[in-house]
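# Descriptive analysis of the structure
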Amino acid sequence: MGTTATRAERGGIRVPWRFIGGRVLFYLFTAWAAITINFFLPRLMKGDAVDTYMARSQGQLPPEAEKALRALFGLDKSVPLWQQYLDYWGNLLHGDLGLSISTGLAPVGDAIASALPWTLGLVGVATVISFIIGTVLGAVIGWKRGGGLDSLVPITTFLGTVPYFWLGLIFIAVFASVLGWFPAGHAYEVGVEPGWNPDFISQVVSHAALPVITIVLVSLGGWVLGMRNMMLTVLDEDYVTVAQAKGMPNRRVLWRYAARNAVLPQIQSFALALGFIVGGTIVMEMVFSYPGIGLLLLSATNAKDFALMQGIFLVLVLAVLVANILADIAYAILDPRTRQSEA
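Quick caveat: nothing in here was measured; it's all calculated off a predicted structure.

## Here we look at the packing of helix H7 (residues 152-160) against helix H9 (residues 198-234)
How two helices pack is summed up by the angle between their axes together with the distance between the axes. As a packed pair, H7 and H9 sit with axes 6 Å apart at the nearest point and diverge in direction by 135 degrees. Comparing the axis directions of H7 and H9 gives the class oblique. As H7 packs across H9, the resulting crossing turns out to be left-handed. Of the residues in H9, those touching H7 at Val-153, Thr-156, Thr-157, Leu-159 and Gly-160 are Leu-217, Val-218, Leu-220, Gly-221, Val-224, Leu-225 and Arg-228. When its residues are assigned to classes, the contact of H7 with H9 shows seven nonpolar, four polar and one charged.

## As for the nonpolar core
One finds Trp-118, Leu-122, Val-212 and Tyr-290 to be the most contacted residues of the largest nonpolar core, which totals 22 residues. Listing elements by their share of this core, those giving two or more residues are helix H6 (108-143), helix H8 (164-178) and H9. Here this core takes eight residues from H9, the largest share from any one element. Judged by nonpolar contacts, the second largest core, of 15 residues, contains Val-108, Leu-297, Ala-307 and Leu-308.

## Comments concerning the side chain of Thr-135
Following the sequence through the fold, Thr-135 ends up in helix H6. Here Phe-131 takes part through its backbone oxygen, which lies 2.7 Å from a polar atom of the side chain of Thr-135.

## Details of the confidence of the model for the chain
Taken over all residues, the pLDDT of the chain has a mean of 76, while the share at 70 or more is 79%. Across the chain, element-level confidence peaks in H6 with a mean pLDDT of 86 and bottoms out in helix H1 (residues 4-10) with 41. Here residues 1-15 is a poorly scored stretch, pLDDT under 50, and it has eight contacts once near neighbours within four places are set aside; other chains count.

## A word on helix H11 (residues 250-262)
Those residues of H11 lying buried are Val-253, Leu-254, Ala-258, Ala-259 and Ala-262. Seen along its axis, H11 keeps its buried residues to an arc of 130 degrees; they face one direction.

## Some thoughts on a nonpolar patch on the surface
On the surface, a cluster of nonpolar side chains totalling about 870 Å² of accessible area is made up of Phe-165, Trp-166, Leu-169, Ile-170, Val-174, Val-178, Leu-179, Trp-181 and Val-283. Ranked by residues supplied to the nonpolar patch, first place goes to H8 with six residues. Residue placement: Val-174 occurs in helix H8. Judged by relative accessible area, which is 34%, Val-174 ranks as partly exposed.

## Focus on unusual backbone geometry
The backbone phi angle of Ser-289 is positive, close to 50 degrees, even though this residue is not glycine. Note on placement: Ser-289 falls in the loop between helix H13 (282-287) and helix H14 (293-302). You can call Ser-289 partly exposed: its relative accessible area is 33%.

## Description of the packing of H6 against H11
Two numbers describe how H6 lies on H11: the axes approach to 11 Å, and their chain directions differ by 115 degrees. Viewed along their axes, H6 and H11 form a crossing whose handedness is right-handed. For the pair H6 and H11, contact is made by Val-136, Ala-139, Val-140 and Trp-143 and by Asn-250, Val-253, Leu-254, Trp-255 and Ala-259, respectively. By residue class, the composition of the contact of H6 with H11 is eight nonpolar, one polar and no charged.

Scoring rules and cut-offs
Residues numbered from 1 in each chain as written. Predicted model: local features only at pLDDT ≥ 70, side-chain atom pairs only at ≥ 80, totals over all residues. Heavy atoms only, no water. Axes fitted to C-alpha atoms, helices over the stretch in contact; angles between N-to-C directions. Helix = DSSP H or I, 4+ residues; strand = E, 2+ residues; numbered from the N terminus. Parallel < 35°, antiparallel > 145°, perpendicular 65-115°, else oblique. Left-handed = near helix turned anticlockwise from the far one by under 90°. Contact = heavy atoms within 4.5 Å. Nonpolar A, V, L, I, M, F, W, Y, C, P; charged D, E, K, R; others polar. Core = buried A, V, L, I, M, F, W, Y, C linked by side-chain atoms within 4.5 Å. Buried < 20%, exposed > 50% of the residue type's maximum accessible area, 1.4 Å probe, protein only. Polar contact = N/O pair within 3.5 Å; in protein donor to acceptor, adjacent residues only side chain to side chain. pLDDT = per-residue confidence, 0-100. Arc of directions from axis to C-beta. Patch = residues over 30% accessible without salt bridge, like charges linked within 9 Å, V, L, I, M, F, W, Y side chains within 5 Å. Areas by Shrake-Rupley, 256 points an atom, 1.4 Å probe, with all protein chains shown as cover. Salt bridge = Lys/Arg side-chain N within 4 Å of Asp/Glu carboxyl O.

So, in structure tokens, the structure goes:
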């Protein structure tokens, strides 16, 4: 009577406020550290966007233009670095990511917003499809261990060792050049008006088919192998044996007991994969000439466009942090033991 355990039992499930507060502080510190590195890292590189721009002008711009450009992009060498850092944070808190010198002085936010949907649609759909197929297939293979489905594991594992670009080039040569089933690259044909109309949507789907298939085949092996190995571990647990001894249908034991617990480690990997969707697959977008965020980052790096690079890195950091938060929530929902132990 009167003990902490008794009060917790009477009051129901206690909310782990200490755990939540600790995670919030951790993510805030991580975001601050990443943004700080994001500010200093491009400035450690040799040269900058203004130098590159002036070199391309081949002496057609006066020295006053260089000074104006440095003041515009926050690269004025007469301003102390700590002042640039404070100005960067001030602009960031006001939602100002600066101007991109490699896209015709367009706002960085607009440049990212134009490329991000293509990457989310391509890599996002491919990641979700590969996760669902790989997890379900791995669960079935683990449940029917020793059967004919085991032969799929080395096949998918082998495909996982194949580089994206190599498989993509093979698909372009076979299915685009020889058979002509799919377009070889780009997001849609030249002359097609973008919009929510059947013609444009069919163009987007057909152009994204080969990249999606390539990403799914290459990433499928990891999901299959991980889920299969966890299923083999879970099937030896007592609660699975008890469920089978009670005469429960095999389908219910598989999905309600075994697979539900075996999928927990997959959730963390899937959350991280969702976070890195924003970064896209640079090589894949180069092979298929796809206008995604990865190709935009490559262009910004070649042009030493600090503002655009920092904007893209900021989006990447926020995406990974949000993905980790979603993973923590998913763990708490799927596994109450995690929530109770942290409380």
